[in-house]
Amino acid sequence: MSDGRWFDGWSPWPELAGLAAAGRSLLPNVPVTPAALVRTVTEQLVGRRLTAQVGGREVGLTLAELDYPADSLRLATGRLGDVRIVAENVDWPEPEDGGEPGTIPLRRVTVLAEDVRLRSLPTPAAKPARVQLAIAVSAEVLQDRVAKARPGIVAAPADGGLLRIHWAKRPHWGHLTLRPQVAADGVVLVPQTLHIGQRQLRPPRRFRPIVLPLPELPPGLNLTKVEPRHDELVLHTVAEEWPDRLSRIPLPDLLSWLTTAAMTLTLPNLGTRS
């Protein structure tokens with residue numbers, strides 16, 4: 001059965017078939033079904049440099065991946081599954097000391113919307129069971145943050161989910177490993193083991209944990225885990241408010257948002273309705 005015949009024959013809500021018409025008015029040369037339309041828009045967006053407005057400031061990003069099992073059968077039965085979005089080279093806005101605006105380069109932002117379901121009442125909308133974000137920064141950003149908190153200290157990711165630091169003036173003296181922990185005001189690097197040659201010692205008591213402030217994240221994000229990797233640091237977050245907010249955005253609005261992004265390479269504001 002073709003995509004077109006499926007939607008002409010049966011759908012859990014009549015409005016779903018109207019998504020194709022709404023998208024066709026914006027992109028007249030794409031296939032007529034919702035699944036084919038979304039696939040076409042995705043092909044136009046992936047790999048392109050996009051801009052978005054965040055807090056009144058322009059943010060640049062490259063959409064690297066938009067993965068979803070968007071076939072007509074899933075759309076018609078109302079269960080889309082997991083949706084994964086990956087943006088790379090994100091220029092995230094951050095206030096600098098003295099209140100001047102600045103940016104922190106994010107290597108990668110991965111958004112995972114789990115078990116996305118489509119509902120028909122009161123209006124067609126999408127509702128994920130949970131939304132998670134993983135924010136990756138490079139080792140160079142980590143080094144800069146640690147150096148600001150503790151001048152003269154050089155940091156780098158290590159094995160086993162740890163970080164290692166050494167004194168910039170005396171790198172041959174050894175290094176100290178630290179384990180990152182999540183706190184209310186940022187990431188706390190707790191000393192674990194002092195390495196001097198082949199010896200492993202307890203860290204000096206006078207060495208206090210290092211507290212790294214977080215970039216200003218969107219409202220509703222809670223940091224759950226910090227994961228050092230060989231050349232980057234990944235912050236894992238859960239967006240507790242987003243599933244409910246997304247469920248209040250009608251599907252035609254989502255489709256219009258996608259097609260506008262594909263045509264203008266600008267991510268417009270996507271509001272919610274009560």
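Residues numbered from 1 in each chain as written. Predicted model: local features only at pLDDT ≥ 70, side-chain atom pairs only at ≥ 80, totals over all residues. Heavy atoms only, no water.

Student: Account for the overall build of the protein chain, naming residues and giving values.
Tutor: A tally of regular secondary structure across the protein chain gives seven helices and 15 strands. Put simply, the protein chain has 274 residues, and 42% of those count as buried. About 15100 Å² of surface is accessible on the protein chain, with carbon and sulfur atoms providing 53% of the total. (Helix = DSSP H or I, 4+ residues; strand = E, 2+ residues; numbered from the N terminus. Buried < 20%, exposed > 50% of the residue type's maximum accessible area, 1.4 Å probe, protein only. Areas by Shrake-Rupley, 256 points an atom, 1.4 Å probe, with all protein chains shown as cover.)

Student: Which residues make up the nonpolar core, and what are the values?
Tutor: Counting 52 residues, the largest nonpolar core has Leu45, Val90, Leu106, Leu133, Val146 and Leu189 as its most contacted members. Residue contributions to this core peak at seven residues, all from strand S4 (residues 101-119). Non-local contacts of leucine 133, meaning those with residues more than four positions away in its chain, are made with Val109, Thr110, Val111, Leu221, Leu235, His236, Thr237, Ala239 and Trp242. (Core = buried A, V, L, I, M, F, W, Y, C linked by side-chain atoms within 4.5 Å. Contact = heavy atoms within 4.5 Å.)

Student: Go over the packing of aromatic side chains, please, and point to the residues and values.
Tutor: Going through the model one piece at a time under the given rule, you end up with one aromatic pair. Judged by centre distance (5.5 Å) and plane angle (55°), the ring pair of tryptophan 167 and tryptophan 173 falls under tilted. Given the relative accessible area of 38%, tryptophan 167 is considered partly exposed. For arginine 150, the ring lying beneath its charged end belongs to phenylalanine 207, and the centroid distance is 5.1 Å. (Phe/Tyr/Trp six-rings, centres within 6.5 Å; stacked < 30°, edge-to-face > 60°. Lys NZ or Arg CZ within 6 Å of the ring centre and 35° of its normal.)

Student: I'd like a description of the pattern of salt bridges, backed by residues and values.
Tutor: For the structure shown, the criterion picks out 10 salt bridges. Note that glutamate 232 and arginine 108 form a salt bridge whose closest N and O atoms lie 2.7 Å from each other. Of this pair, glutamate 232 sits in strand S14 (residues 232-239) while arginine 108 sits in strand S4, placing them 124 residues apart in sequence. The exposure class of glutamate 232 is buried, given its relative accessible area of 5%. Here aspartate 115 ties to arginine 117 by a salt bridge, and the two come within 3.4 Å at their closest N and O atoms. When its relative accessible area of 40% is taken as the criterion, arginine 117 is described as partly exposed. (Salt bridge = Lys/Arg side-chain N within 4 Å of Asp/Glu carboxyl O.)

Student: Give me the side chain of histidine 195: which residues, what numbers.
Tutor: Structurally, histidine 195 is set in strand S10 (residues 186-196). Owing to a relative accessible area of 18%, histidine 195 belongs among the buried residues under this scheme. Apart from the residues within four sequence positions on either side, histidine 195 is in contact with Trp173, Gly174, His175, Thr177 and Gln200.

Student: Go over the pairing of S14, please, and point to the residues and values.
Tutor: Counting buried positions along S14 yields seven of eight residues, so the element is predominantly enclosed. One ladder, built from seven bridges, connects strand S6 (residues 130-138) with S14; its direction is antiparallel. Residue pairing across strands places glutamine 132 opposite valine 238, the latter belonging to S14. Two elements, strand S13 (residues 221-228) and S14, share seven bridges in a ladder whose sense is antiparallel. Bridging across to S14, valine 226 finds its partner in leucine 235. As consecutive antiparallel partners, S13 and S14 are separated by three residues. (Pairing = 2+ DSSP bridges.)

Student: Account for unusual backbone geometry, naming residues and giving values.
Tutor: Leaving glycine aside, a negative phi is the common case for residues, and trans is the common case for peptide bonds. Positive phi values are uncommon outside glycine, yet asparagine 89 reaches one of about 55°. Looking at the secondary structure, you find asparagine 89 in strand S3 (residues 79-95). Take asparagine 89: its relative accessible area is 47%, and that puts it in the partly exposed class. Here the phi dihedral of aspartate 115 falls at roughly 50°; this positive angle occurs in a residue that is not glycine. With respect to the helices and strands, aspartate 115 occurs in strand S4.

Student: How would you explain the side chain of threonine 62 if you had to name every residue and give the values?
Tutor: Its location among the elements puts threonine 62 in strand S2 (residues 57-67). Its relative accessible area of 18% is what places threonine 62 among the buried residues. There is a polar contact of 3.0 Å between the side chain of threonine 62 and the side chain of arginine 49. Excluding residues that lie within four positions of it along the chain, threonine 62 makes contacts with Gly47, Arg48, Arg49, Val86, Ala87, Glu88 and Asn89. (Polar contact = N/O pair within 3.5 Å; in protein donor to acceptor, adjacent residues only side chain to side chain.)

Student: Tell me about the confidence of the model for the protein chain, residues and numbers included.
Tutor: Put simply, the protein chain has an average pLDDT of 77, and 76% of its residues get 70 or more. The element-level mean pLDDT for the protein chain is lowest in helix H1 (residues 3-9), coming to 37, with strand S8 (residues 163-167) highest at 92. Throughout residues 1-20 the model reports pLDDT below 50, and contacts reaching past four residues in sequence, or to other chains, amount to 34 contacts. (pLDDT = per-residue confidence, 0-100.)

Student: I'd like a description of the environment of alanine 262, backed by residues and values.
Tutor: Looking at the secondary structure, you find alanine 262 in helix H7 (residues 251-264). Since its relative accessible area comes to 9%, alanine 262 is described here as buried. The spacing of alanine 262 and valine 41 is 221 residues in sequence and 6.1 Å in space, taken between C-alpha atoms. In this view, alanine 262 contacts Val41, Gln44 and Leu45; residues no more than four positions away in its chain are not counted.

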